[in-house]
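Letter by letter, the chains look like this.
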Amino acid sequence: MSPRVHSTRQKMKTNKKIVIAHRGASGYLPEHTMEAKAMAFAMNPDFIEQDLVLSKDNIPVVIHDIYLDDVTDVATKFTVKKRKDNRYYVIDFTFEELQTLRVSERFNPKTSEQFYKNRFPKGKGNFKLHSFEQEIELIQGLNKSTGKNIGIYPEIKDPEFHKKEGKDLTKIILKTLADYGYKNKQDNCILQCFDAKELERIRVELKSELFLVQLMEFPEEVKNLQHFATYANGIGPWYKQLLDKKVDDKFTFTSLVAGAHKLGLKVHPYTFRADALDEFSSFEEMMQTLLIDASVDGAFTDFPDLVVEFLN
Ligand code: G3P
Ligand code: CA
């Protein structure tokens, strides 16, 4: 496959609230399938997300976890490859082997129960895994054929695990990105990682000029904002990190967004799910509270159509 960069590739939009199709249109089709990505593209988000893990033969594969057994039928096909912890690892399979698996709506491998009950039925359809290159070619190809300008938002998954397995996932991803024309901040790509040391390495040691987003998970990480701002351009917090107590039935907010903005960091919280509302009484309330009242700069969502419509 020879990388081809769309010659009229447009630059990244930075001054509006952005919609990131989280694992594609994953509220409607099994996450990270090409079908979910094509459907997301048609919904006009600003970015489509790719979680990335390496195969045994060093191909970056688009899948949420280092494991295979909660989104594929691997347990019925490759019993010999099960590790001692009873899990199946992407890294133990060649890309050719991975392509023999059927991808399904997410489920609990212990109970076989579907995770989100009202989504696409588990085990139905004929979905496959695909490589990062294949997905970039889909998105760049659709950008060309539709005249749109939808970006990519790749995540480097568990770099420490890859290192222990003798692989440098980050270097392989940066090379793929460069091959397809994503090299600096203006290019339509945002690179994200939970591992702060690795994201800093990307900027400092590997000298990447890409737009970098530091993912966050825990409230105490707020104290690291200043350091994040030395190498990142934005943060991707869990949306609950933004919420403080409810006063007179109205949400109040932590200092995270204001603190990030003061340091020039964009804020893209995850994950907006219309079928997992938790403290909100409706998806509308979730979008109004976080996107407008909390003043974030974008959102990861399994339902890109609803967030695009809301923002429009
Ligand atoms: O990358 C943003 C969001 O996707 C982080 O959570 O676990 O869905 O990758 P996760
Ligand atoms: Ca992700």
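Computed from a predicted model, the values in this text were never measured in an experiment.

J.: Would you mind going over the coordination of the calcium ion (ligand 2) in detail, with residue names and values included?
T.: The coordination sphere of the calcium ion (ligand 2) contains the protein donors Glu49 (OE), Asp51 (OD) and Glu155 (OE), at a distance range of 2.1 to 2.4 Å. Taken together, the six donor atoms coordinating the calcium ion (ligand 2) span angles of 60 to 154° at the metal, a pattern that classifies the geometry as irregular. Linear spacing of the donor residues for the calcium ion (ligand 2) on their chain is E-x1-D-x103-E. Residue Asp51 is found in strand E2 (residues 47-54), and its partner Glu155 is found in strand E4 (residues 151-156); the two are separated by 104 residues along the sequence. Take Glu155: its relative accessible area is 4%, and that puts it in the buried class.

J.: I'd love a proper account of the nonpolar core, names of residues and values included.
T.: One broad trend across soluble globular proteins is that nonpolar side chains are buried collectively. Membership of the largest hydrophobic core comes to 59 residues, with the highest contact counts inside it found for Leu177, Leu191 and Ile235. If near-sequence neighbours (up to four positions away) are discounted, Ile235 is found in contact with Val213, Gln214, Met216, Leu225, Phe228, Leu256, Ala260, Leu265, Lys266, Val267 and His268. If you look at the next biggest cluster of nonpolar residues, it comprises 22 residues, including Val61, Ile63, Ile66 and Val90.

J.: So, the packing of aromatic side chains: which residues are in play, and what are the values?
T.: The full count for this structure, using the stated rule, is 13 aromatic pairs. For the ring pair Tyr28 and Phe303, a centre distance of 5.3 Å and an interplane angle of 80° mean the geometry is edge-to-face. Here Tyr28 is found in the loop between strand E1 (18-21) and helix H1 (34-42), whereas its partner Phe303 is found in the loop between strand E11 (298-301) and helix H11 (304-311), with 275 residues between them in sequence. What makes Phe303 buried here is its relative accessible area of 6%. On the numbers, 5.1 Å between centres and 70° between planes, the contact of Phe115 with Tyr116 is edge-to-face. On the accessibility criterion, Phe115 (51% relative accessible area) is exposed. Put simply, the rings of Tyr28, Phe283 and Phe303 touch in pairs and so form one group of aromatic residues. Taking the ring centre of Phe93 as reference, the NZ or CZ of Lys81 above it sits at 4.9 Å.

J.: Account for helix H7 (residues 196-204), naming residues and giving values.
T.: Where H7 is concerned, the buried positions are Glu198, Leu199, Arg201, Ile202 and Arg203. Where H7 is buried, its residues contact E4, helix H5 (159-164), helix H6 (169-179), strand E5 (190-193) and strand E6 (211-215). A distance of 3.1 Å separates the backbone nitrogen of Lys197 from a side-chain oxygen at the start of H7, and that oxygen is part of Asp195.

J.: Could you give an account of the site of ligand 1, naming the residues involved and the relevant values?
T.: In the neighbourhood of ligand 1, the contacting residues comprise His22, Arg23, Glu49, Asp51, His64, Glu155, Lys157, Gln192, Phe194, Leu215, Tyr270 and Phe300. Glu49 is positioned with one of its side-chain polar atoms (N or O) 3.0 Å from an oxygen atom of ligand 1. In this structure, His64 approaches ligand 1 through a side-chain N or O atom, which is 2.7 Å from an oxygen atom. A per-class count over the shell around ligand 1 returns four nonpolar, three polar and five charged.

J.: Report on the environment of Phe41, specifying residues and quantitative values.
T.: One can find Phe41 in helix H1. C-alpha separation for the pair Phe41 and Ala25, spaced 16 residues apart in sequence, amounts to 8.4 Å. Excluding anything up to four places from it in sequence, Phe41 contacts Ile48, Ile139, Leu142, Asn143, Thr146, Lys148 and Ile150.

J.: Provide a residue-level description of the pairing of E1, including the pertinent values.
T.: Residues Ile18 and Ile20 point to one face of E1 and Val19 and Ala21 to the other, with burial holding for every one of them. The sheet contact formed by E1 and E11 spans four bridges and is parallel. Residue pairing in the sheet places Val19 in a bridge with Ala299 of E11. In terms of strand pairing, E1 meets E2 through two bridges, oriented parallel. Each residue of the ladder has a partner; that of Ala21, found in E2, is Ile48.

J.: Give a detailed account of the side chain of Thr170, specifying residues and quantitative values.
T.: Secondary-structure assignment places Thr170 in helix H6. Only 2.5 Å separates the side chain of Thr170 from the side chain of Glu198, close enough to count as a polar contact. Other than its neighbours up to four places away in sequence, Thr170 contacts Ile156, Pro159, Glu198, Arg201, Ile202 and Leu206.

J.: Describe in detail the pattern of salt bridges, supporting the description with residues and values.
T.: Following the criterion strictly, the structure yields 26 salt bridges and no others. Here Glu135 makes a salt bridge to Lys37, at a shortest N to O gap of 2.9 Å. Here Glu135, found in helix H4 (residues 132-146), pairs with Lys37, found in helix H1; they are 98 residues apart in sequence, far enough to count as distant. A single burial state applies to Glu135 and to Lys37, both of which are buried. With a shortest N-O distance of 2.7 Å, Asp302 and Arg273 are connected by a salt bridge. Taken together, the residues span a long stretch of sequence, with Asp302 in the loop between E11 and H11 and Arg273 in the loop between strand E10 (266-267) and helix H10 (283-293) at a distance of 29 residues. For the pair shown, Asp302 and Arg273 are each scored as buried. The network of salt bridges with shared partners includes Arg23, Glu31, Asp65, Asp69, Asp70, Arg87 and Arg106.

What counts and how
All residue numbers here refer to positions counted from 1 along the written sequence of the relevant chain. All chains are assigned letters beginning with A, and all ligands numbers beginning with 1, in the order in which they are written. Residues qualify for local features only when their pLDDT is at least 70, as the model is predicted, and side-chain atom pairs are given and counted only at 80 or more; totals for whole chains, interfaces and linings, by contrast, use all residues. For the side-chain quantities, the full set of heavy atoms in the structure was used; hydrogens and water were omitted. For Na, K and Ca the donor cutoff is 3.2 Å, while for all other metals N, O and S atoms count as donors only within 2.8 Å; water does not appear among the atoms, so some sites may look incomplete. Irregular is the label for any site that misses the other tests, which are tetrahedral for four donors with all angles between 85 and 135 degrees, and square planar for four donors or octahedral for six when opposite donors exceed 155 degrees and the remaining angles lie between 65 and 115. Helix and strand labels come from DSSP, where a helix needs a run of H or I of at least four residues and a strand needs a run of E of at least two; each type is numbered from the N terminus. Here the term buried applies to any residue with accessible area under 20% of the maximum for its type, exposed to any over 50%, and partly exposed to those in between, with areas from a 1.4 Å probe on protein chains only. For our purposes a nonpolar core is just a set of buried Ala, Val, Leu, Ile, Met, Phe, Trp, Tyr and Cys residues, chained together by side-chain atoms within 4.5 Å. By definition, residues are in contact when any of their heavy atoms lie within 4.5 Å. A pair of Phe, Tyr and Trp rings is counted when the ring centres sit within 6.5 Å of each other, with Trp represented by its six-membered ring. The angle between the planes then sorts it: under 30 degrees is stacked, over 60 is edge-to-face, the rest tilted. Either the NZ atom of lysine or the CZ atom of arginine qualifies as a charge over a ring when it sits within 6 Å of the ring centre and within 35 degrees of the ring normal. Any pair of nitrogen or oxygen atoms within 3.5 Å is treated as a polar contact; in protein, a donor-acceptor pairing is required on top of that, and neighbouring residues in sequence qualify only through side-chain atoms on both sides. Definition of nearness: a residue and a molecule or strand are near each other if at least one heavy atom of the residue lies within 4 Å of the molecule or strand. Lys, Arg, Asp and Glu make up the charged group, whereas Ala, Val, Leu, Ile, Met, Phe, Trp, Tyr, Cys and Pro make up the nonpolar group; the residues left over, Gly among them, are polar. A pair of strands is treated as paired once DSSP finds two or more bridges between them. The salt bridge definition used is simple: a Lys or Arg side-chain nitrogen within 4 Å of an Asp or Glu carboxyl oxygen.

Note that all results are geometric; they support no functional claim without further evidence.
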